[in-house]
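Take a look at the letters that make up each chain.
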Amino acid sequence: MNHTLPKDSSQMMDWSWDKYIPFFDFLENSGLTTKNISDWMKYWSDLSELIGEVGTSVYVSTTVDTTDEEAKVRYHRFLEDISENVSSRNQILKIKFLESKLSPDNFEIPLRGMKSEVELFSTDNLPLLTSDAKLSKEYDAIIGSQTVNWEDEEVTLTRLSPVMLETNRNKRENAWKLASARRLEDRSEINEIWKKILKIRMSIADNSGYDDYRAWRWEYLKRFDYTPDDCLIFHESIEKIIVPLANKLLQKRKEALGLEKLKPWDLSVDIFGRDALVPFEEASELEEKCHNIFSSVDSDLGNHFGIMREKGLLDLGNRKGKAPGGYCTEYPYQRLPFIFMNAVGTHSDVQTMIHEGGHAFHVFESADLPYTSQRDVGMEFAEVASMAMELLASPFLTENVGGFYSEEESARARIEHLEKVIMFWPYMAVVDAFQHWAYTNPAEALDPNNCDEEWTKLWKRFQMSDHIDYTGCEDIIATGWHNKLHIYHVPFYYVEYGMAQLGAIQIWGNSLSDEKKAIQNYKSALGLGGNATLPELYEAAGVKFSFDDKTLEYAASLIEKQIKELS
Ligand SMILES: [Zn+2]
């Protein structure tokens, strides 16, 4: 039997499952010894990367051209025929590996993850996990079909959201009220989905012998380095330190807009009534200027981006037939990233490009780690790579260093960015605290009225301000938990953004006193991939993995000072 792995993934694109089987058989039938364990793991890792690369390729093809029917067929065949089979064969290999008690060098972190995966695995939960995923799809279908009639056209609520940036206040109010009324029409339907999905999640925890779903989910998300209590402390610190600062920003907004009180539809419009920034016209301009910016941050990072341009690993412009949104993915065997976007010329496109750039640099910097599982980075640090890049790149947005803006425009963009960072933390705390409550009080949370009540309570704690008047908006506030897809799709996954932002702010703070050293540390930390604990990764980046008052005070005062300097 020939079990030599293919040299690259291109020849595997149309393989059916039976072509993969010999490689898995070979791994399964090999006896493991201290001598061959590293080679065995490398073979498994290479095989996983080749398969992962096929997955990336077939997925990317469906997004760059949604009319490509052949690509769709190939992608679905991969999911149904290959992916599922690979998971069950991998499960067998994981058990074989763990039972051998052998391990390659520098493999403690992947080993920790694998142990927990094997432990969590329960055949009773497989159908429940499928039902859970199906219910999330039902939720998507409800949200996706929410349209309203706006200016004689049927539009989705997403397409209505840019109206919130328009200077005409009446128009904003109308749009906001129209969207809210539409959302509330689906109130009972989403309540029903919630009740079903919560029951399923309670059974999942039960089947695996966990006290509650939070405990199960903690293990599932591999949250080894922080506890639920750490998150609760984070919420408290946000309440104490960030909420007052958010209040100051709201007061500034209220005064600049000349209003007695802000209403919910006054929270996004530019407070000086300026038109939106127009950083570029063509995607090629976005590519070139971002290349300048990355090179200004660091020549290595500039070179990485150069490779992406050369090898056609960027698809940035919006065009007909492209899937919506943006992402950065990876060709794991080649250790190369790919960035997909729908740029149309807004500042948010610039921000997205720089953010995804940070993710791409993670792939380049960690490319030397031999095993794929060592490069599996948790979201708590993956987002540090991208969010820190947004901040590290911010001094180079001006055209005199190859960027997009005049000094004044750049200052405006940077202030808006920093203000959004502040406003995000309290909202994140609501989303996270709600889930802590729901999954540790499931009997109460099964009644949607209690959920409304809890969400309102949290909204008052983190989001209400003397500067905003929410009169008449009680129902839409109370059902805010209907409006956050993470709660349905990826429970508990949200606090990571808040943590990573705190790491990113600290890296940026370091760069203000010693730019070279901060960027050196940033690159070293990225170079560790996922092969270190979170405290170790943060430490390598020159910062602390903590969410207490002290860390948030540091972040708050740094941001406040910078906003003042830029104003
Ligand atoms: Zn990201």
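Just so it is clear, the model here is predicted, and its values are computed rather than measured.

**Let's talk about the overall build of the protein**
Turning to step 1, where the next piece is worked out: In terms of regular secondary structure, the protein is built from 23 helices and five strands.
Turning to step 2, where the next piece is worked out: A compact globule built from 567 residues would reach a C-alpha radius of gyration of about 24 Å, and the protein, at 24 Å, matches this within 12%.
Turning to step 3, where the next piece is worked out: Each principal axis of the C-alpha atoms in the protein carries an extent, and together these give about 80 × 60 × 50 Å.
Turning to step 4, where the next piece is worked out: Split into buried and exposed, the 567 residues of the protein put 52% on the buried side.
Turning to step 5, where the next piece is worked out: For the protein, restricting intrachain contacts to residue pairs at least 6 apart in sequence, the fraction spanning at least 24 positions comes to 75%.

**Comments concerning the UniProt feature "domain: Peptidase M3A/M3B catalytic" (unreviewed entry) in the protein**
Turning to step 1, where the next piece is worked out: Under the local residue numbering, the UniProt record ascribes the feature "domain: Peptidase M3A/M3B catalytic" (unreviewed entry) to residues 166-552.
Turning to step 2, where the next piece is worked out: End-to-end, the C-alpha atoms of residues 166-552 are 33 Å apart, and along that stretch the chain is 63% helix and 4% strand.

**Some points on the pattern of salt bridges**
Turning to step 1, where the next piece is worked out: Going through the model one piece at a time under the given rule, you end up with 42 salt bridges.
Turning to step 2, where the next piece is worked out: A salt bridge links Lys171 to Glu151; the shortest N-O distance between them is 3.6 Å. Remark: Glu151 occurs in the loop between β1 (147-150) and β2 (153-156) and Lys171 occurs in helix α7 (residues 169-185); sequence separation between them is 20 residues.
Turning to step 3, where the next piece is worked out: Take Lys171: its relative accessible area is 21%, and that puts it in the partly exposed class.
Turning to step 4, where the next piece is worked out: Using a relative accessible area of 56% as the deciding quantity, one classes Glu151 as exposed.
Turning to step 5, where the next piece is worked out: Among the ionic pairs, Lys248 bridges to Glu560, the shortest N-O distance being 2.6 Å. Highlighted residues: Lys248 in helix α10 (residues 228-257) and Glu560 in helix α23 (residues 549-566), separated in sequence by 312 residues.
Turning to step 6, where the next piece is worked out: Each member of the salt-bridge network shares a partner with another, and the members are Asp14, Glu70, Arg74 and Arg77.

**Describing a negative patch on the surface**
Turning to step 1, where the next piece is worked out: Among the surface-exposed residues, Glu399, Glu407, Glu408 and Glu409 lie close enough to one another that they form a single negatively charged patch.
Turning to step 2, where the next piece is worked out: By secondary structure assignment, the location of Glu399 is in the loop between α14 (379-393) and α15 (407-440).

**Concerning the environment of Asp105**
Turning to step 1, where the next piece is worked out: With respect to the secondary-structure elements, Asp105 resides in the loop between α3 (69-100) and α4 (108-120).
Turning to step 2, where the next piece is worked out: For Asp105, a relative accessible area of 67% corresponds to the exposed category.
Turning to step 3, where the next piece is worked out: Taking the C-alpha atoms as reference points, Asp105 and Lys240, separated by 135 residues in sequence, lie 44 Å from one another.
Turning to step 4, where the next piece is worked out: Excluding residues within four positions of it along the chain, Asp105 makes contact with Tyr371 and Gln374.

**As for a nonpolar patch on the surface**
Turning to step 1, where the next piece is worked out: Taken together, the side chains of Phe121, Leu126 and Leu129 present a nonpolar region at the surface, about 250 Å² in accessible area.
Turning to step 2, where the next piece is worked out: For Leu129, the position within the fold is in helix α5 (residues 125-144).

**Focus: the packing of α3 against α4**
Turning to step 1, where the next piece is worked out: Between α3 and α4, whose axes approach to 10 Å, the crossing angle comes to 120°. Between α3 and α4, the angle is such that the two are oblique. Crossing of α3 against α4: the hand is left-handed. Only Leu111, Met114, Lys115, Glu117 and Val118 of α4 make contact with α3, whose side of the interface consists of Gln91, Lys94, Ile95, Phe97 and Leu98.
Turning to step 2, where the next piece is worked out: A per-class count over the contact of α3 with α4 returns six nonpolar, one polar and three charged.

**Considering the coordination of the zinc ion**
Under ideal tetrahedral coordination, the four donors around a metal are separated by 109.5 degrees; under ideal octahedral coordination, the six donors are separated by 90 or 180 degrees.
Turning to step 1, where the next piece is worked out: The protein atoms that coordinate the zinc ion are His355 (NE2), His359 (NE2), Glu383 (OE) and Glu383 (OE), at distances spanning 2.1 to 2.5 Å.
Turning to step 2, where the next piece is worked out: Angles of 53 to 141° at the metal separate the four donor atoms of the zinc ion, which places the site in the irregular class.
Turning to step 3, where the next piece is worked out: Between consecutive donor residues of the zinc ion, the sequence gaps follow H-x3-H-x23-E. Of the two residues, His355 and His359 are both situated in helix α13 (residues 347-365); the distance of four residues between them amounts to about one turn of the helix.
Turning to step 4, where the next piece is worked out: Taking relative accessible area as the criterion, His359 reaches 15% and is therefore assigned buried.

**Some words on the sheet that holds strand β3 (residues 314-317)**
Turning to step 1, where the next piece is worked out: If you walk across this open sheet you meet the three strands as β3-β5-β4, and the pairing is mixed. What marks the edges here is a single partner per strand, and that holds for β3 and β4 (327-331). Recorded for the sheet is a direction-independent mean angle of 15° between the axes of neighbouring strands.
Turning to step 2, where the next piece is worked out: Against the sheet, helix α11 (residues 283-297) engages β3 and β5 (336-343), with an angle of about 125° to β3.
Turning to step 3, where the next piece is worked out: Sitting on the sheet, α13 is in contact with β3, β4 and β5, with an inclination near 170° to β5.

**A look at the environment of Leu129**
Turning to step 1, where the next piece is worked out: A residue is classified by how much of its surface remains accessible, and Leu129, at 35% relative accessible area, is partly exposed.
Turning to step 2, where the next piece is worked out: For the pair Leu129 and Ala478, spaced 349 residues apart in sequence, the C-alpha to C-alpha distance is 28 Å.
Turning to step 3, where the next piece is worked out: Excluding residues within four positions of it along the chain, Leu129 makes contact with Ile204 and Trp216.

**A short note on the nonpolar core**
Turning to step 1, where the next piece is worked out: Counting residues in hydrophobic clusters, the biggest one holds 143 residues, and the most contacted among them are Trp194, Phe234, Leu286, Met353, Phe381 and Trp425.
Turning to step 2, where the next piece is worked out: Here this core takes 16 residues from α15, the largest share from any one element.
Turning to step 3, where the next piece is worked out: Beyond its immediate chain neighbours, meaning those up to four positions away, Phe381 contacts His362, Ala525, Leu526, Leu534, Leu537, Tyr538 and Ala541.
Turning to step 4, where the next piece is worked out: The next biggest cluster of nonpolar side chains, apart from the first, holds 30 residues, and it includes Trp15, Ile51, Leu93 and Leu102.

Definitions and limits used
- Per chain, the residues get numbers from 1 upward, laid out in the order the sequence is written.
- Side-chain atom pairs in this predicted model are given and counted only at pLDDT of 80 or more, local residue features only at pLDDT of at least 70, and totals for whole chains, interfaces and linings cover all residues.
- The side-chain quantities take in all heavy atoms of the structure and omit both hydrogens and water.
- Numbering goes from the N terminus for both helices and strands, where a helix is a DSSP run of H or I of at least four residues and a strand is a run of E of at least two.
- The quantity called the radius of gyration is restricted to C-alpha atoms. Its globule counterpart is 2.2 Å times the number of residues to the power 0.38.
- Note on exposure labels: buried denotes an accessible area under 20% of the residue type's maximum, exposed denotes more than 50%, and partly exposed covers the range between, all computed with a 1.4 Å probe on protein chains only.
- When checking whether two residues touch, look at their non-hydrogen atoms; a contact exists if any pair is within 4.5 Å.
- UniProt positions are given in the numbering used here, feature names are shortened, and annotations may be inferred rather than shown by experiment.
- Between Lys or Arg on one side and Asp or Glu on the other, a salt bridge is scored when a side-chain nitrogen of the former is within 4 Å of a carboxyl oxygen of the latter.
- Put simply, a patch holds well-exposed residues, over 30% relative accessible area, that have no salt bridge, with like charges counted together within 9 Å and Val, Leu, Ile, Met, Phe, Trp or Tyr side chains within 5 Å.
- Note that accessible areas follow from Shrake-Rupley with a 1.4 Å probe, and for residues the cover is restricted to the protein chains shown.
- Counted charges follow a simple rule, with Lys and Arg positive, Asp and Glu negative, and His plus the chain ends left uncounted.
- Where a charge sits is defined by one atom per residue type, namely NZ (Lys), CZ (Arg), CG (Asp) or CD (Glu).
- Inter-axis angles, ranging from 0 to 180 degrees, are taken between N-to-C directions of lines fitted to C-alpha atoms, where helices are fitted over the stretch in contact.
- Working rule for angles: under 35 degrees goes down as roughly parallel, over 145 as roughly antiparallel, 65 to 115 as roughly perpendicular, anything else as oblique.
- Left-handed is the label given to a crossing in which the near helix is rotated counterclockwise from the far helix by less than a right angle, and right-handed is the label when the rotation is clockwise.
- Residues are grouped as follows: Ala, Val, Leu, Ile, Met, Phe, Trp, Tyr, Cys and Pro are nonpolar; Asp, Glu, Lys and Arg are charged; every other residue, Gly included, is polar.
- Sodium, potassium and calcium take a 3.2 Å donor cutoff, other metals 2.8 Å, and in both cases only N, O and S atoms count; water is not among them, so sites may look incomplete.
- Sites are called tetrahedral only when four donors show all angles between 85 and 135 degrees, square planar or octahedral only when four or six donors show opposite pairs over 155 degrees and all other angles between 65 and 115, and irregular in any remaining case.
- A pair of strands counts as paired when DSSP detects no fewer than two bridges linking them.
- Residue types Ala, Val, Leu, Ile, Met, Phe, Trp, Tyr and Cys, when buried and joined through side-chain atoms within 4.5 Å, form a set referred to as a nonpolar core.

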